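# Fold and contact review
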Amino acid sequence: MRRSITSPASVSSIWSFEGMANMSYDHLKLRLDAGEVIILDGATGTELQRRGAPMDPAAWCGPATLHHDGLLTEIHVDYIE
C-alpha cells in the first residue's frame, strides 16, 4: 500500500530529528496507529561495515544482512538499549 503525505505539518514532523529522538514509545505507537508513516534511520549498513561485515560492490550491505544475521541482531539490540 502506498501512502502519501498531504499536509505540510506531516512533512515537517518527519524531518524533525529532535522530535523523534525524544519521542516515547507510546507517542510513536499512537502516531503509527493513526496511520502516520514514520521513517527511522539508524545507519544499519554503516554499522555492519564498521563491525567488520563485508560489503558488496553492487548491493552494499544487502548480503551482509542475510549472511551476518547475528551481527545485525546485535546492532538492533544496541540501538534499543
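Residues numbered from 1 in each chain as written. Predicted model: local features only at pLDDT ≥ 70, side-chain atom pairs only at ≥ 80, totals over all residues. Heavy atoms only, no water.

### Here's the deal with the overall build of the protein chain
- When helices and strands are counted, the protein chain shows six helices and zero strands.
- Looking at the protein chain alone, contacts between residues at least 24 apart form 30% of all its contacts between residues at least 6 apart.
- Only carbon and sulfur atoms are counted for the fraction: they give 58% of the accessible area of the protein chain, which is about 6,500 Å². (Helix = DSSP H or I, 4+ residues; strand = E, 2+ residues; numbered from the N terminus. Contact = heavy atoms within 4.5 Å. Areas by Shrake-Rupley, 256 points an atom, 1.4 Å probe, with all protein chains shown as cover.)

### Overview of unusual backbone geometry
- The backbone phi angle of tryptophan 60 is positive, close to 40°, even though this residue is not glycine.
- With respect to the secondary-structure elements, tryptophan 60 resides in the loop between helix H4 (44–50) and helix H5 (62–67).

### Regarding the side chain of glutamate 47
- Tracing the chain through its elements places glutamate 47 in helix H4.
- For glutamate 47, a relative accessible area of 13% corresponds to the buried category.
- Engagement of the side chain of glutamate 47 in a polar contact is seen with the side chain of arginine 50, the distance being 2.6 Å.
- Sequence-distant contacts of glutamate 47, that is, excluding residues within four places in its chain, are made with Ile75 and Tyr79. (Buried < 20%, exposed > 50% of the residue type's maximum accessible area, 1.4 Å probe, protein only. Polar contact = N/O pair within 3.5 Å; in protein donor to acceptor, adjacent residues only side chain to side chain.)

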